[in-house]
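Architecture at a glance
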Amino acid sequence: MKHNWQQAFEQMLASEGGFSDDERDDGNKLPDGRKGSTMLGVTQYNWEAHVGHQVTHDDMRKLTAVDVEPLYKKKYWDVVQGDKLPNGIDYLVFDMGVNAGPGRSIKLLQAAVGTTPDGGLGPVTLAAVWAADPVVLIEKFSQEKEAFYRSLEKFTVYGEGWLNRVAAVKQKASSMVA
């Protein structure tokens, strides 16, 4: 089918920003007790798993888009089957997969199209996605995202940023439909 990967990747990176070691962010807590960090949206935990060894905050600060692209492609885009989704929907589901996990993103997509939200993107969900009006689906998915974010304990800390991202991604996804 089509391949919208590069555009979706670049848009997602624009939302993720640069280096962060905000201790309020659960993504910046490593299981072994070390203080973690995030660069270009990649947590230190995920980067260490990707490269197979521990890294420092300085290592994280030096990451570039070229460095992290293979991780995002494999761990997020391919898992949400971005190449099998319609234009705009691919970016929407990928971006949420990065922010809250691919399984959560797929469940929100399933809720938006009325299939069983089991986190597995199979033929029933794909058929429902392709049968849906993409503009309506983008709206429903964005509503599901907002409800999910509002349900989180850390909404009081990060809610404004999350809702800004919902709006920005919704707008960009809508422009990709045409």
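These notes cover the structure that comes with them. These numbers come from a predicted model, not from an experiment. (Residues numbered from 1 in each chain as written. Predicted model: local features only at pLDDT ≥ 70, side-chain atom pairs only at ≥ 80, totals over all residues. Heavy atoms only, no water.)

Observations concerning the overall build of the protein chain
Check the secondary structure of the protein chain and you find nine helices and two strands. The linear arrangement of helices and strands in the protein chain, starting from the amino end, is α-β-β-α-α-α-α-α-α-α-α. Taken over the C-alpha trace, the protein chain has a radius of gyration of 16 Å; the compact-globule value for 178 residues is 16 Å, and the two agree within 12%. Counting only C-alpha atoms, the protein chain reaches 45 × 35 × 30 Å along its principal axes. Evaluated residue by residue, the protein chain yields a buried proportion of 42% over its 178 residues. Partitioning the intrachain contacts of the protein chain with sequence separation of at least 6 by distance along the chain shows that 58% fall at a separation of at least 24. As displayed, the protein chain offers around 8,900 Å² of accessible surface, 53% of which is attributable to carbon and sulfur atoms. (Helix = DSSP H or I, 4+ residues; strand = E, 2+ residues; numbered from the N terminus. Rg over C-alpha atoms; globule rule 2.2 N^0.38 Å. Buried < 20%, exposed > 50% of the residue type's maximum accessible area, 1.4 Å probe, protein only. Contact = heavy atoms within 4.5 Å. Areas by Shrake-Rupley, 256 points an atom, 1.4 Å probe, with all protein chains shown as cover.)

Here we look at the packing of aromatic side chains
Overall, the coordinates contain 10 aromatic pairs when judged by the stated rule. When the centroid spacing of 5.5 Å and the interplanar angle of 75 degrees are considered together, the rings of Trp77 and Phe94 count as edge-to-face. You can see Trp77 sitting in helix H4 (residues 65-77) and its partner Phe94 sitting in helix H5 (residues 89-100), a full 17 residues away along the chain. Each member of the pair, Trp77 as well as Phe94, carries the same accessibility label: buried. Pairwise contacts between aromatic rings join Trp5, Phe9, Tyr72, Tyr76, Trp77 and Phe94 into one cluster. When the ring centre of Phe19 is taken as reference, the NZ or CZ atom of Arg61 above it lies at 4.0 Å. (Phe/Tyr/Trp six-rings, centres within 6.5 Å; stacked < 30°, edge-to-face > 60°. Lys NZ or Arg CZ within 6 Å of the ring centre and 35° of its normal.)

Some words on the pattern of salt bridges
In this structure the tally under the stated criterion is 13 salt bridges. Lys29 is the salt-bridge partner of Asp26, the closest N and O atoms lying 3.4 Å from each other. What makes Lys29 partly exposed here is its relative accessible area of 47%. Of the charged contacts, one joins Arg34 and Glu48 as a salt bridge, the two residues approaching to 2.8 Å between their closest N and O atoms. Pair noted here: Arg34 is in the loop between helix H1 (5-16) and strand S1 (38-39) and Glu48 is in helix H2 (residues 44-51), with a separation of 14 residues, a long-range link. (Salt bridge = Lys/Arg side-chain N within 4 Å of Asp/Glu carboxyl O.)

Notes on the nonpolar core
One recurring pattern in soluble globular proteins: nonpolar side chains tend to sit buried together. Counting 47 residues, the largest nonpolar core has Trp47, Val68, Tyr72, Phe94, Leu109 and Phe141 as the members making the most contacts within it. Looking at this core, the elements that each hand over two or more residues are H1, H4, H5, helix H6 (102-113), helix H7 (123-131), helix H8 (134-151) and helix H9 (155-177). Beyond its immediate sequence surroundings of up to four residues, Leu109 is in contact with Leu85, Ile89, Val93, Leu121, Val129, Leu137 and Phe141. (Core = buried A, V, L, I, M, F, W, Y, C linked by side-chain atoms within 4.5 Å.)

Notes on unusual backbone geometry
The phi dihedral of Leu40 falls on the positive side, at around 55 degrees, and the residue is not glycine. According to the relative accessible area criterion, Leu40 is buried, its value standing at 14%. Of note in the backbone geometry, Gln81 takes a positive phi value of approximately 55 degrees without being a glycine. Along the chain, the position of Gln81 falls in the loop between H4 and H5.

A few points about the packing of H5 against H6
Closest axis-to-axis distance for the H5/H6 pair is 7 Å, and the angle between their directions is 135 degrees. Between H5 and H6, the crossing angle belongs to the class labelled oblique. Where H5 crosses over H6, the two elements pack in a sense that is right-handed. Residue-level inspection shows Ile89, Val93, Met96, Gly97 and Ala100 of H5 in contact with H6, the latter providing Pro102, Arg104, Ser105, Leu108 and Leu109. Per-class residue counts for the contact of H5 with H6 are seven nonpolar, two polar and one charged. (Axes fitted to C-alpha atoms, helices over the stretch in contact; angles between N-to-C directions. Parallel < 35°, antiparallel > 145°, perpendicular 65-115°, else oblique. Left-handed = near helix turned anticlockwise from the far one by under 90°. Nonpolar A, V, L, I, M, F, W, Y, C, P; charged D, E, K, R; others polar.)

Let's talk about the packing of H5 against H9
Here H5 crosses H9 at 155 degrees, and the two axes come no closer than 8 Å. By the angle between their directions, the pair H5 and H9 is classed as roughly antiparallel. Considering the relative orientation of H5 and H9, their crossing is right-handed. On the side of H5, the interface is formed by Asp90, Tyr91, Leu92, Asp95, Val98 and Asn99, while H9 contributes Trp162, Arg165, Val169, Lys170, Lys172, Ala173 and Met176. Broken down by class, the residue content of the contact of H5 with H9 amounts to seven nonpolar, one polar and five charged.

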